[in-house]
Amino acid sequence: MALAWLKDLNPAQRQAVTFGDGTLLVVAGAGTGKTKTLACRVAFLLERGIDPGRVLLLTFTRRAAAEMISRADHMSGRGTAGKLWAGTFHAVAHRLLRLYGRSIGLADGFSVMDQDDAADLMQLIRLDLGVAKGDRRFPQKATLARMYSHTVNAQRPLREVVERYFPWCAGDLEAIGAIFARYGERKIQQRLLDYDDLLLFWKTLCSAPVVGRNLADRFDHILVDEYQDTNALQADILRGMRQSHEDLMAVGDDAQSIYSFRAATVRNMLEFPERFPGARVVTLEQNYRSTGPILAASNAVMSFSKERYTKELWSQRRSEQRPVLVTCRDEEEQTGMVCRHILEHLEQGVPLSEQAVLFRAGHHSAMLEVELARRNIPFHKFGGLKFLEAAHIKDLLAFLRILENPFDELSWFRVLLLLPGIGPRTARRILDQLGRPGRVDDAARCNGGGRTRLASPLCRLLREPPAVPAGAKEHFGALRSALADCEGVPLPESSSASGNETAVPSGKGLPVRVQIERIGVFYRPIFERRYENAAMRLRDLEQLEQIAARYRSRRQFITDLTLDPPTATSDLAGAPHRDEDYLTLSTIHSAKGCEWHSVHVLHAADGMIPSDMATGDDAGIEEERRLLYVAMTRAKDVLYVYFPLRYYHRRWAHGDAHGYAQLTRFIPSTVRALFEQRVDRAEVDPSSDRPADVRNTQAGLNRLWNC
DNA sequence: CATTTATAAATTTTT
DNA sequence: TTTATAAATG
């Protein structure tokens, strides 16, 4: 084979890429060419004549998969990498379950719900059971959803998970268990799968005697990226998928494990050799990304870690410029400094696309976003609040989901509650009526002579509409005709529809975009009445239509949206914005795997990094340390870490109340010495300029009561 | 009686 | 910006 590009690899990388048959773990530090190695491995396999359709590539995001495929194609020059099975665990699980789900008793027309939907269903059940009635605080729906997911993914008993991660809920263990049991039942009734089910049923698929064997035989090679952020369930799946073939390559960095809240565990990496006996281990330690001083500071942060890591990164990239620790008076000054530095670099020729601002929590960038907008600096924000979380987007999707899976009670509920004059009670009644087992001929007519006895609630709604309160009649009628329109079914004018229509044409042929338009006819008036800033939100709906225009299949549209939600406005923006230079704002979590010429890390204060929410136990604090490490190692040439001294707590009042922060505990004085330290007094208001030791004294006191 | 509106309180990270 | 509860309304 004439593989010229092999020469560009260092010995360790080459060893990984050209690895023969069997199981391999690649321990790859930050910036050591992990993506390159994986892409080369794919190219190498293709060169060896492996059928791309028999290679499975599991990544953390769809974007990562796309990048590796395009790089592999570029190297092999064959253009066949697109035929790989590539995507996230969840996306691949979905694809497999559509193919084989029937064999384990999965309903044909299942649909997938995201974690928000899961929380909403929890809430319905919580209200039904009347669990939250007492005067004791009961966990919120989002907490319940997180708890459930963690339990399933970790494959541990609920009691253990609650005691460890949600100790304040320990008193409600029984009630929580009862909710979870009902939750499982209702998902099955409604033909809904949550994220965890996708993994869970994939695992079930693996252990099915015949299909499991088929599945494992289906792939000659499996490659897994970001292995440090996989959980016990995912490890089980991999084992199930390697019953007959051994060829597996997992790549990860134990120092970058930052998803324990999703039940990810470094133990997957550490125990890899035991789980896959005979596995070889290759370690990549040469960092090609960052300059020496940046790497030195990053390593120093990790050197205080209580856990032992397997490697120490080194770099040949010399530089005089140390990373900069910027001490600011408060968040406002931090914002000003960030903007100033960004513009300085821009003038020196570093485009905005090579710069990024990173932070711990989505809302940490709020002030900066306002300032960037004021100064006309274009940016895209990754992580934090998402497009799909907006109420009006969810409303519209609920319609489509009813059409896709008429048993989806959650979406029905959402849509019915939109109608003025219909509240939870009436909605419940209507749903009960629609869901009641019908006469057999009814069912037959609805399902086109179908297999199921159960008449689809959608068909019921169209054929025998339940009574609604007088005030809701008009809107209810509009809803029915909108749904009928999308289905391509004529709506029976009066209640006595003639029974001899032939099998109704299915609306599945209608383009999704058209369906959204028709729903709009019904939804728009409600929408305008309901939301104050309808004009702004209308643009979101138009964007949704634009995305829909790219899809032929409604099902594909909905599942893509739930499994690969648009992570930033950039995913939504049309062609005109593509070539515009823009700055990246991102949570540290969403910045995983990315790199920029210059990186700005905001809020390096205790309480922010580490987040106050995570300082409960040692493991939590250690993960926060890794988080800072991930943030710092994103930088190639320039790294700024900002530390605002003063925080206003303007939660309820707009007063002047403030507290003094302390520099993050992950940068003690020995580490600080590796930074260039700047305190810009020019912009400090002299009236509030007190010596730092006074502040520190105050801060020390504040720690006594601000816990 | 059910729905709507008013009021007060709280807010990590994501497939 | 959302969410739980209380009061007002139909």
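All values derive from a computational prediction rather than experimental measurement.

Student: Explain helix H22 (residues 473-487) to me, please; I cannot follow it from the model alone.
Tutor: An α-helical segment advances 3.6 residues per turn. Residues three or four places apart therefore align on the same side. Under the 1.5 Å per step criterion, the end-to-end length of H22 is 21 Å for 15 residues, consistent within 8% with the ideal 21 Å. Inspection of H22 places Phe476, Leu479, Arg480, Ala482, Leu483, Ala484, Cys486 and Glu487 among the buried residues, and these make up the whole buried set. Contacts from the buried residues of H22 go to helix H17 (391-404), helix H18 (409-418), helix H19 (424-435), helix H21 (457-463), helix H23 (512-530) and helix H25 (554-563). Note on H22: the residue one or two positions beyond its end, Gly488, has a positive phi of about 70 degrees.

Student: Got a minute to help me understand the protein's contact with DNA strand C in this structure?
Tutor: DNA strand C sits among Gln123, Arg126 and Lys141. Residue Gln123 places a side-chain N or O atom 3.2 Å away from a phosphate oxygen belonging to DNA strand C. At 3.1 Å, a side-chain N or O of Arg126 approaches a phosphate oxygen of DNA strand C.

Student: Explain the protein's contact with DNA strand B here, please?
Tutor: Near DNA strand B lie 29 residues; those nearest to it are Gln115, Arg360, Gly362, Gly421 and Thr426. Among the atoms of DNA strand B lying within 4 Å of the protein, the sugar-phosphate backbone contributes 54%. For DNA strand B, a base oxygen lies 2.3 Å from a polar atom in the side chain of Arg360. Ser590 has a polar side-chain atom sitting 3.0 Å from a phosphate oxygen of DNA strand B. For the surface near DNA strand B, the element with the most residues is H19, which contributes 3 residues. Here the surface near DNA strand B is composed, by residue class, of 11 nonpolar, 12 polar and 6 charged.

Student: Quick question: what am I supposed to make of the packing of helix H7 (residues 158-165) against helix H8 (residues 173-189) here?
Tutor: Two numbers describe a pair of packed helices, the interaxial angle and the distance between the axes. For the pair H7 and H8, interaxial distance at closest approach is 11 Å and the crossing angle is 125 degrees. By the angle between their directions, the pair H7 and H8 is classed as oblique. Like other packed secondary-structure pairs, H7 and H8 cross with a definite hand, here right-handed. Where H7 approaches H8, its residues Leu158, Arg159 and Val162 are matched on the opposing element by Leu173, Ile176, Gly177 and Phe180.

Student: I tried to follow helix H14 (residues 292-303) on my own but got confused; where do I start?
Tutor: Compared with the 16 Å implied by 1.5 Å per residue over 12 residues, the 16 Å span of H14 between its first and last C-alpha is a close match. With 9 of 12 residues buried, H14 lies mostly within the body of the structure. Of the surrounding elements, those touching the buried residues of H14 are strand E9 (286-287), strand E10 (314-315), helix H28 (618-632), strand E16 (635-648) and helix H29 (669-672).

Student: What is the right way to look at empty space enclosed by the protein in this model?
Tutor: Empty space left among the atoms is revealed by rolling a probe the size of a water molecule over them. The full count for this structure, using the stated rule, is 3 cavities of 30 Å³ or more. Looking at the largest cavity, its volume works out to about 60 Å³. Around the largest cavity sit Leu396, Ile516, Gly520, Tyr523, Arg524, Leu541 and Glu545, which together line it. At the level of secondary structure, the elements contributing two or more residues to the lining of the largest cavity comprise H23 and helix H24 (534-549). Sort the elements by how many residues they give to the lining of the largest cavity and H23 lands first, with 4 residues. Tallied by class, the residues present in the lining of the largest cavity amount to 4 nonpolar, 1 polar and 2 charged.

Student: What should I look at first to understand the packing of aromatic side chains in this one?
Tutor: Here the distance between the centres and the angle between the planes together describe a pair of aromatic rings. On inspection of all chains with the given rule, the structure shows 14 aromatic pairs. When the ring of Tyr148 is compared with that of Phe180, the centres are 5.1 Å apart and the planes differ by 85 degrees; the resulting orientation is edge-to-face. Here Tyr148, found in helix H6 (residues 141-154), pairs with Phe180, found in helix H8; they are 32 residues apart in sequence, far enough to count as distant. Residue Tyr148 shares its accessibility class with Phe180, and that shared class is buried. Here a set of aromatic residues connected by ring pairs shows up, and it is made of Phe399, Phe522, Tyr523 and Phe527. Lying across the ring of Trp85, Arg95 places its NZ or CZ 3.6 Å from the centre. Above the plane of the ring of Phe407 lies Arg191, whose end atom (NZ or CZ) is 3.8 Å from the centre.

Student: Is there a simple way to explain the sheet that holds strand E3 (residues 85-88) in this structure?
Tutor: In a beta sheet, neighbouring strands are held together by backbone hydrogen bonds and run either parallel or antiparallel to one another. Read from one edge of the open sheet, 6 strands run E3-E2-E6-E7-E1-E8, paired in parallel fashion. In this open sheet, the two edge strands, each paired with only one partner strand, are E3 and strand E8 (280-284). Each strand axis lies, on average, 15 degrees off the axis of its neighbour in the sheet, ignoring direction. Both strand E1 (residues 23-28) and strand E7 (residues 248-252) contribute to a ladder of 5 bridges, which runs parallel. Across the sheet, residue Val26 finds its bridge partner in E7, namely Val251.

Student: Looking at this structure, how should I read the packing of helix H5 (residues 115-129) against H6?
Tutor: In the contact formed by H5 and H6, the axes pass within 8 Å of each other and the chain directions differ by 110 degrees. The angle between H5 and H6 places the two elements in the roughly perpendicular class. Seen from above, H5 lies across H6 with right-handed handedness. Across from Gln115, Ala119, Asp120, Met122, Gln123 and Arg126 in H5, the residues of H6 making contact are Lys141, Ala142, Leu144, Ala145, Arg146, Tyr148 and Ser149.

Student: Explain the domain arrangement of chain A here, please?
Tutor: Frequently, the measure chosen for interface size is the accessible area removed from exposure when the parts meet. Looking at chain A, the domain boundaries give domain 1 (4-103 + 197-284), domain 2 (111-190), domain 3 (292-384 + 581-686) and domain 4 (388-563). Across the boundary between the two partners, domain 2 contributes 12 residues, which contact 14 residues of domain 4. For the domain 2 and domain 4 pair, buried surface summed over both sides reaches about 1,200 Å², with 51% attributable to carbon and sulfur atoms. Linking domain 2 with domain 4 are 3 salt bridges. Across the pair Lys394 and Asp116 runs a salt bridge, and its minimum N-O distance is 3.5 Å. The interface formed by domain 2 and domain 4 includes 6 residue pairs in polar contact (both at pLDDT 80 or more). Every element with two or more residues in the side of domain 2 that touches domain 4 is listed here: strand E4 (111-113), H5 and H8. Here the side of domain 2 that touches domain 4 gets 5 residues from one element, more than from any other, and that element is H5. Partitioning the side of domain 2 that touches domain 4 into residue classes produces 4 nonpolar, 3 polar and 5 charged.

Student: Teacher, can you tell me more about the confidence of the model for chain A here?
Tutor: Caution applies to low-pLDDT regions: their predicted coordinates should not be interpreted in detail. For chain A, the mean per-residue pLDDT works out to 85, and 87% of the residues sit at or above 70. In this model, residues 570-576 is a region of pLDDT below 50 whose contacts with residues beyond four sequence positions or in other chains number 11 contacts. Scored below 50 in pLDDT, residues 683-691 shows 14 contacts in the model against residues more than four places distant or in partner chains.

Student: Sorry if this is basic, but what is going on with the side chain of Asn299 here?
Tutor: Its location among the elements puts Asn299 in helix H14. A distance of 3.2 Å separates a polar atom in the side chain of Asn299 from the backbone oxygen of Leu313. The contact partners of Asn299, leaving out residues within four places of it in the chain, are Glu312, Leu313 and Tyr629.

Criteria and cut-off values
Residues numbered from 1 in each chain as written. Chains lettered and ligands numbered in written order. Predicted model: local features only at pLDDT ≥ 70, side-chain atom pairs only at ≥ 80, totals over all residues. Heavy atoms only, no water. Helix = DSSP H or I, 4+ residues; strand = E, 2+ residues; numbered from the N terminus. Expected span 1.5 Å × (residues − 1). Buried < 20%, exposed > 50% of the residue type's maximum accessible area, 1.4 Å probe, protein only. Contact = heavy atoms within 4.5 Å. Near = heavy atom within 4 Å. Polar contact = N/O pair within 3.5 Å; in protein donor to acceptor, adjacent residues only side chain to side chain. Nonpolar A, V, L, I, M, F, W, Y, C, P; charged D, E, K, R; others polar. Axes fitted to C-alpha atoms, helices over the stretch in contact; angles between N-to-C directions. Parallel < 35°, antiparallel > 145°, perpendicular 65-115°, else oblique. Left-handed = near helix turned anticlockwise from the far one by under 90°. 1 Å grid on protein atoms, 1.4 Å probe; cavity = no way out; pocket = protein on both sides within 12 Å on 5 of 7 lines; lining within 4 Å. Points joined across faces, edges and corners; volume = space filled by probe spheres on them. Phe/Tyr/Trp six-rings, centres within 6.5 Å; stacked < 30°, edge-to-face > 60°. Lys NZ or Arg CZ within 6 Å of the ring centre and 35° of its normal. Pairing = 2+ DSSP bridges. Domains from an automatic or database assignment. Buried area = accessible area lost by both parts, 1.4 Å probe. Salt bridge = Lys/Arg side-chain N within 4 Å of Asp/Glu carboxyl O. pLDDT = per-residue confidence, 0-100.

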